[in-house]
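# Commentary on secondary and tertiary structure
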Amino acid sequence: MNDNDIFIVPAENLSLLLKNELQDGYIGISAAHCGLESIRQAYAESVMMRKKAFVRNKVEAQYGVFQEKIPEGLITEAAKLTEEAAKIQRVQLIGTDHTDDLEKSFHQSFMK
């Protein structure tokens, strides 16, 4: 479906499937669901987890298990980097050849 292979397996067979069939690529695993009425939800969860596995360069990501940990203060610091004044300041730093300060600013945020 939508260029994705979909496997519907009993929860107890998941580890066997991962070990044998899905050893290459990025795998998104939904939470456990029962009944055909929840298949749409299971598909949405698995697609979201596959994208997270790809972005994080992990073999697999399981819904409800995979937790993103964003360091405290990172969101605030990242918001400061995107403010208009900060953008203008970076352009000025490049123009005045003070790229060390610019590199230090980006390095602090992106390394986190």
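Note that the structure is a prediction, hence the values are computed from the model and not measured.

So, on to a negative patch on the surface. Taken together, the side chains of Asp97, Asp100, Asp101 and Glu103 make up a negatively charged region of the molecular surface. Assessed through its relative accessible area of 45%, Asp101 is described here as partly exposed.

Looking now at helix H2 (residues 39-55). For H2, spanning 17 residues, the distance from its first C-alpha to its last is 24 Å, which sits close to the expected 24 Å at 1.5 Å a residue. Within H2, the full set of buried residues consists of Ala42, Tyr43, Glu45, Ser46, Met49 and Ala53. Buried positions in H2, seen along its axis, are confined to an arc of 165° and lie on one side of it. For H2, the exposed residues lying more than 90 degrees away from the buried face are Arg40, Lys51, Phe54 and Val55. Taken together, the buried residues of H2 touch strand E1 (27-29) and strand E2 (60-62). Following H2 by one or two positions, Asn57 has its phi on the positive side, about 55°.

One way to put it is that helix H3 (residues 74-82) packs onto helix H4 (residues 84-95) with a least axis distance of 5 Å and a crossing angle of 65°. Residues Lys80, Leu81 and Thr82 of H3 form the contact with H4, whose participating residues are Glu84, Ala86, Lys87 and Arg90. Class assignment of the residues belonging to the contact of H3 with H4 gives a composition of two nonpolar, one polar and four charged.

Here Glu45 lies in helix H2. This buried residue, Glu45, is left without a salt bridge; Lys52 holds the nearest opposite charge, at 12 Å. In this structure the side chain of Glu45 is engaged in a polar contact, spanning 2.8 Å, whose partner is the side chain of His33. The contact partners of Glu45, leaving out residues within four places of it in the chain, are Ser30, Ala31, His33 and Tyr63.

Here is what the cut-offs are and how they apply
- Along every chain, residues carry numbers that run from 1 in the direction the sequence is written.
- Residues qualify for local features only when their pLDDT is at least 70, as the model is predicted, and side-chain atom pairs are given and counted only at 80 or more; totals for whole chains, interfaces and linings, by contrast, use all residues.
- Hydrogens and water are ignored here; the side-chain numbers use all heavy atoms of the structure.
- Like-charged residues are merged into a patch within 9 Å and nonpolar side chains (Val, Leu, Ile, Met, Phe, Trp, Tyr) within 5 Å, provided each residue has over 30% relative accessible area and no salt bridge.
- Computed with a 1.4 Å probe, the accessible areas rest on the Shrake-Rupley method; for each residue, only the protein chains presented here act as cover.
- Salt bridge, as applied in this entry: a Lys or Arg side-chain nitrogen positioned within 4 Å of an Asp or Glu carboxyl oxygen.
- Under the counting rule used here, the positive set is Lys and Arg, the negative set is Asp and Glu, and His together with the chain ends is not counted.
- Where a charge lies is defined by one atom per residue type: Lys uses NZ, Arg uses CZ, Asp uses CG and Glu uses CD.
- Classification of residues uses two cut-offs on accessible area relative to the type maximum, computed with a 1.4 Å probe and protein chains only: under 20% is buried, over 50% is exposed, and between them is partly exposed.
- Strands here mean DSSP runs of E at least two residues long; helices mean DSSP runs of H or I at least four residues long; both are numbered from the N terminus.
- Helix span, as expected, comes to 1.5 Å for every residue beyond the first.
- What the arc covers is the set of directions going from the helix axis to the C-beta atoms.
- We call two residues in contact whenever any of their non-hydrogen atoms come within 4.5 Å of each other.
- Fitted lines through C-alpha atoms serve as axes, helices being fitted only where they are in contact, and the angles separating the N-to-C directions of these axes extend from 0 to 180 degrees.
- Note on residue categories: nonpolar means Ala, Val, Leu, Ile, Met, Phe, Trp, Tyr, Cys or Pro, charged means Asp, Glu, Lys or Arg, and polar means any other residue, Gly included.
- Counted as a polar contact is a pair of N or O atoms within 3.5 Å, where, for protein atoms, one must be capable of donating a hydrogen and the other of accepting one, and residues adjacent in sequence contribute only when both atoms are in side chains.

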